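# A closer look at the structure
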Amino acid sequence: MIKVLVIFGTRPEAVKMCPVVKELKRHSEIDVIVCTTGQHREMLIPILELFQIVPQYDFHIMKENQTLFDVTEAVLTKTREVLFHEMPTTVLVHGDTTSAFAAAMACYYMHIPICHVEAGLRTYNPYSPYPEEFNRQAIDSITDIFFAPTKNAKENLLREGKKAEDIYVTGNTVIDALQTTIQSEYSHEVLKWAENSRLILVTAHRRENIGTSMRDIFEAINEIVDKFEDIKVVYPVHLNPKVQEIAKEMFDKMDRIKLIKPLGVIDFHNIMNNAYLIITDSGGIQEEAPSLGKPVLVTRNTTERPEGLIAGTVKLVGTKKESIKEGIKELLSNKEIYQKMVKAQSPYGDGRASERIVQILLKRWR
């Protein structure tokens with residue numbers, strides 16, 4: 001029996017790891033242990049229910065005004081307790097969160113093999129994005145098996161001296177998740193509100209953008225709304241109090257900009273599927289939206305997902321007001337450029353990444 005412990009805590013992690021857990025559970029020779037850290041709890045529960053996953057462990061680490069110090073310490077300590085109790089064959093962590101970094105460190109200290117899903121993404125700037133770039137490089141420095149979503153990610157790992165026989169290109173598991181979440185017949189009050197308009201979906205939460213950059217992003221959106229009468233904007237505002245404060249300050253008097261609470265994964269994916277374009281500083285949305293044929297403008301100066309830039313599915317517009325305005329205006333005004341982004345092929349896989357990951361695990365540990 002192969003015992004596989006899967007650890008995740010944030011909503012993006014859950015969306016990308018639940019398809020893997022579901023595939024693991026299809027195999028009788030695998031004993032699957034699911035552990036959540038207790039982050040993003042309100043947004044996590046619907047995802048777990050959607051994929052019919054019940055965690056055996058929940059760290060309950062969330063507390064008011066917690067810092068990266070608090071998250072790292074809590075996850076490291078609590079992961080150690082679970083590892084001592086379960087002694088898994090291997091542990092799967094995902095991506096670049098602080099919880100993934102701390103969980104990987106606990107495994108390293110106990111000499112338990114680490115499998116890193118979504119390995120090899122890089123900007124090579126430790127503060128962009130912060131702290132994600134450090135986290136993923138640190139995880140990959142102690143990983144045993146690398147599940148790289150793209151060939152570019154694999155090349156990054158090879159350049160860093162990782163062994164080729166330990167790196168597998170699988171595609172991205174978020175494409176697997178879309179097969180479960182997207183609904184052919186879907187309705188939502190936001191879509192009714194935006195009827196007969198071009199809907200722009202906005203997300204903004206990145207730590208390094210909070211402050212002047214976020215105000216620039218929001219001001220650019222305000223000016224675009226004033227210029228184009230046929231657009232409406234929906235913004236599911238992140239729960240971070242600082243983000244909430246800036247959003248209310250900047251969008252308070254804009255009747256064609258709708259601020260809503262964070263959406264569950266089904267609502268978010270389906271509203272994204274009905275949007276005209278996406279403006280985001282997120283990482284995962286750069287993978288999700290192109291698979292749905294939606295152009296993405298990224299309000300960051302760097303991206304660890306250059307495949308989208310090369311394929312033409314996403315465009316970096318930075319964090320300065322004028323460059324953001326120009327990027328949005330171009331897609332709203334130029335149908336040829338818009339259609340070129342819509343029709344560009346997504347580089348992130350075929351929806352079978354979870355299947356590949358599980359087959360590799362079986363092959364390695366049988």
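The sections below set out a description of the structure shown in this document. Each chain has its residues counted from 1, running along the sequence as written. Reporting in this predicted model follows two pLDDT cut-offs: at least 70 for local features of residues, and 80 or more for side-chain atom pairs to be given and counted; totals over whole chains, interfaces and linings ignore these cut-offs and use all residues. Hydrogens and waters are ignored; side-chain quantities use all the structure's heavy atoms.

What follows concerns empty space enclosed by the protein. A water-sized probe, rolled over the atoms, reveals where empty space remains. A cavity, in this analysis, means grid points on a 1 Å lattice covering only the protein atoms where a 1.4 Å probe fits yet has no way out; a pocket is instead an open set bounded by protein on both sides within 12 Å along at least five of seven lines, and a residue lines either one if it has an atom within 4 Å of a point. Grid points are joined across faces, edges and corners, and a volume is the space filled by probe spheres set on the points. This model, assessed by the stated rule, comprises one cavity of 30 Å³ or more. In this structure, the largest cavity spans a volume of roughly 30 Å³. The wall of the largest cavity is formed by His94, Val117, Glu118, Phe147, Thr170, Gly171, Asn172, Thr173 and Ile357. Ten residues, namely Ala, Val, Leu, Ile, Met, Phe, Trp, Tyr, Cys and Pro, are considered nonpolar, four, namely Asp, Glu, Lys and Arg, are considered charged, and the remaining ones, Gly among them, are considered polar. Of the residues in the lining of the largest cavity, the class split is three nonpolar, five polar and one charged.

Moving on, we get to the environment of Met254. Under the DSSP-based scheme used, a helix requires at least four consecutive residues in state H or I and a strand at least two consecutive residues in state E, with every element numbered from the N terminus. In this structure, Met254 sits in the loop between α10 (241-251) and β10 (257-260). Note on classification: 1.4 Å probe, protein chains only; a residue is buried when its accessible area is under 20% of the maximum for its type, exposed when over 50%, partly exposed between these limits. By relative accessible area, which is 18% here, Met254 ends up buried. Along the primary structure Met254 and Asp226 are separated by 28 residues, whereas in three dimensions their C-alpha atoms are 9.1 Å apart. Setting aside anything within four residues of it in sequence, one finds Met254 in contact with Asn222, Val225 and Asp226. Only heavy atoms matter for contacts: two residues are in contact if any of them lie within 4.5 Å across the pair.

Here we take up the side chain of Asp96. Looking at the secondary structure, you find Asp96 in the loop between β4 (90-94) and α4 (98-109). Those residues within four positions of Asp96 in sequence are excluded, and the remaining contacts are Glu132, Asn135 and Arg136.

Quick look at the packing of helix α9 (residues 212-227) against α10 now. Lines fitted to C-alpha atoms define the axes, with helix axes restricted to the stretch in contact, and inter-axis angles between N-to-C directions lie between 0 and 180 degrees. In contact at an axis separation of 10 Å, α9 and α10 are set at 30° when each is read in the N-to-C sense. One way to sum up the angle between α9 and α10 is to call them roughly parallel. Between α9 and α10 the crossing geometry is right-handed. Residues Met214, Arg215, Phe218, Glu219, Ile221 and Asn222 of α9 touch α10, and the partners they reach there are Val243, Ile246, Ala247, Glu249, Met250 and Phe251. Taken together, the residues of the contact of α9 with α10 sort by class into eight nonpolar, one polar and three charged. When an angle is under 35 degrees it counts as roughly parallel; over 145 it counts as roughly antiparallel; between 65 and 115 it counts as roughly perpendicular; any other value is oblique. For any helix crossing, the convention is left-handed if the near helix is rotated counterclockwise from the far helix by under a right angle, and right-handed if that rotation is clockwise.

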